[in-house]
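Topology and contacts: notes
The lines below spell out each chain.
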Amino acid sequence: MTGKSANMALGDKHVDLPVKSGSIGPDVIDIGSLYKQTGAFTYDPGFTSTASCESKITYIDGDAGILLHRGYPIEQLAEHGDFLETCYLLLYGELPTAAQKKDFDYRVTHHTMVHEQMSRFFTGFRRDAHPMAVMCGCVGALSAFYHDSTDITDPHQRMVASLRMIAKMPTLAAMAYKYHIGQPFVYPQNNLDYASNFLRMCFAVPCEEYVVNPVLSRAMDRIFILHADHEQNASTSTVRLAGSSGANPFACIAAGIACLWGPAHGGANEAALNMLTEIGSVDCIPEYIARAKDKSDPFRLMGFGHRVYKNYDPRAKIMQKTTHEVLGELGHKDDPLLQVAMELERIALTDEYFIEKKLYPNIDFYSGITLKAMGFPTTMFTVLFALARTVGWIAQWAEMIEDPEQRIGRPRQLYTGEPQRDYVPVSKR
Ligand code: SDX
């Protein structure tokens, strides 16, 4: 508590609401007693001014373009660390020692296989099913296999479920991809690092040796780091809300995957690439910029704008650098999509509309181009986002479970429907 309070008058009622301060960032007004004292609710449908919880995991300053995980800037984590180190940091709050990192890597690596019967779930889907539909189904189904780690009141079971989720998402994602393209599943290899193992499970075929390209595996690992967690975004809030009812972690992560799928959220990387493909050439950009400004046209520039970042998304800058590295390594640096993307970014960053509305490229703007160059179909982009975000969902879920203040999430509403009325028999309607 800060000792400060927010004073509010509602009709003849006057309330003093306590104000809480965090270590950094905006204060919050604790409105928990508001309804009891005034009979009124607050109203904030998009939660633009609402803090849903207290958290120590990730901090975003949207105006300054700052993203910290447990206090460490995303730029430094992406530059100096690897994804499993970021996973350890998000889960336990500190960077691991060399021994802790070795042990964590070993434990994750030795949970990468899924129950052999899981493969039967895939055959129930049509081959052309969207891989995100497959992931929603298969991740939720994990709770049918791991009854020994669904008791959320047991810290050991929570830890085992967390490791299982982080370890098995790449295997399931690769299986969804292989099923989608009609190739056999490839088992994980314990002698490979996390990103290399995933690339091999996606792109190896039984007929020949697969050699991991170190530039691509480093880029893949960095893309995972950039997508690991992002405060109380829509899918993380979904996971927290599902978890607040006591649902098992596998079901909660499946709910997060479903929410992430939307084009306004994690589906934006797929939508952004489809948009760049539709634009096709630099000459057509002005037409699409005009459409994005036209209120009567639902078209939006996918990969631009953000609820929190009103400055450049710090992840987008790192993503742009990774894009150039990957396209350079693969000999695609003249990729027409990249040319369209660079020119679209240049125009958007100088256009009055985008400047006034503070619409900057977000992480999804560049990730799609990179993933396409690496050989992933657009339908797999959000699956990769979900793979990486699983650690963030799990860390936030665990923090919520361990929060003594946590209760089942149950918002109220502003009712604008019919007042009470009596039933009318059909003969009189
Ligand atoms: C992610 O929350 C997170 O942290 C998400 C994420 C994460 O890591 O979890 O960062 C990942 O989801 C990134 C965002 C990916 N989505 C897209 O790229 C889709 C395109 N972007 C928009 O749909 C939009 O910008 C949102 C959804 C991202 C943010 O929407 P807001 O905060 O609700 O903003 P808004 O829709 O109210 O827009 C504000 C104004 C509006 O104009 P006015 O009504 O004020 O006149 O800006 C305009 C919008 O019309 N606008 C755009 C635009 N985004 C907003 N105009 C053109 N193109 C756009 N992309």
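Everything that follows concerns the structure shown earlier in this document.
Figured I'd write up the structure that's included with this text. In this text the structure is predicted, and so the values were computed from the model without any measurement.

**Considering the site of the ligand**
- Near the ligand there are 24 residues, and of these His-230, His-306, Arg-307, Arg-315 and Arg-389 occur at the shortest range.
- Here Gly-303 contributes a backbone N or O atom positioned 2.8 Å from an oxygen atom of the ligand.
- Burial of the ligand by the surrounding chains reaches 77%, relative to a free accessible area of 1,000 Å².
- In the shell around the ligand, the residues fall into 10 nonpolar, seven polar and seven charged.

**Considering helix H13 (residues 285–293)**
- Every buried residue belonging to H13 is among Ile-285, Tyr-288, Ile-289 and Ala-292, and all of these are buried. Along the axis of H13, the buried positions cluster into a sector of 105°, meaning they face one direction only.

**Considering unusual backbone geometry**
- The phi angle at Phe-47 is positive, at roughly 55°, despite the residue not being glycine.
- Position of Phe-47 relative to the elements: it lies in the loop between helix H1 (34–38) and strand S4 (58–61).
- Positive phi is not limited to glycine here, since Glu-231 has a value of about 60°.
- By relative accessible area, Glu-231 is classed as partly exposed at 26%.

**Here we look at the environment of Leu-226**
- Its place among the elements puts Leu-226 in helix H9 (residues 214–226).
- Residues Leu-226 and Arg-107, spaced 119 residues apart in sequence, show a C-alpha to C-alpha distance of 23 Å.

**Looking at the sheet that holds strand S3 (residues 28–29)**
- As summarised here, the arrangement of the three strands in space is S1-S2-S3, forming an open sheet in which the pairing is antiparallel. What marks the edges here is a single partner per strand, and that holds for strand S1 (5–10) and S3.
- Sheet topology places strand S2 (residues 13–20) next to S3; two bridges connect them, and they run antiparallel. Considered in S3, the bridge of Val-19 is made with Ile-29.

**Considering empty space enclosed by the protein**
- Throughout the structure, instances matching the rule amount to one cavity of 30 Å³ or more.
- In this structure, the largest cavity occupies an estimated 30 Å³ of space.
- Lining the largest cavity are Gly-305, His-306, Tyr-309, Asn-311, Asp-313, Lys-358, Leu-359, Tyr-360, Pro-361 and Asn-362.
- Grouping the constituent residues of the lining of the largest cavity by class yields four nonpolar, four polar and two charged.

**What to know about the nonpolar core**
- Residues Phe-198, Met-220, Ile-257, Leu-344 and Phe-376 are the most contacted members of the largest nonpolar core, which totals 115 residues.
- Looking at this core element by element, the count peaks at 15 residues for helix H18 (residues 381–402).
- Among residues more than four places away in sequence, those in contact with Phe-376 are Phe-198, Leu-199, Cys-202, Phe-203, Met-220, Leu-371, Phe-381 and Leu-384.
- Within the second largest apolar cluster, five residues are counted, among which are Val-15, Leu-17, Val-19 and Leu-34.

**Quick look at the pattern of salt bridges**
- Across all of its chains, the model carries 18 salt bridges by this definition.
- We note a salt bridge from Arg-346 to Glu-343, for which the minimum N-O separation is 2.7 Å. On the criterion of helical spacing, the pair formed by Arg-346 and Glu-343 is a turn pair, its members being three residues apart in helix H15 (residues 336–350).

Cut-offs used in this document
Residues numbered from 1 in each chain as written. Predicted model: local features only at pLDDT ≥ 70, side-chain atom pairs only at ≥ 80, totals over all residues. Heavy atoms only, no water. Near = heavy atom within 4 Å. Polar contact = N/O pair within 3.5 Å; in protein donor to acceptor, adjacent residues only side chain to side chain. Areas by Shrake-Rupley, 256 points an atom, 1.4 Å probe, with all protein chains shown as cover. Nonpolar A, V, L, I, M, F, W, Y, C, P; charged D, E, K, R; others polar. Buried < 20%, exposed > 50% of the residue type's maximum accessible area, 1.4 Å probe, protein only. Helix = DSSP H or I, 4+ residues; strand = E, 2+ residues; numbered from the N terminus. Arc of directions from axis to C-beta. Pairing = 2+ DSSP bridges. 1 Å grid on protein atoms, 1.4 Å probe; cavity = no way out; pocket = protein on both sides within 12 Å on 5 of 7 lines; lining within 4 Å. Points joined across faces, edges and corners; volume = space filled by probe spheres on them. Core = buried A, V, L, I, M, F, W, Y, C linked by side-chain atoms within 4.5 Å. Contact = heavy atoms within 4.5 Å. Salt bridge = Lys/Arg side-chain N within 4 Å of Asp/Glu carboxyl O.

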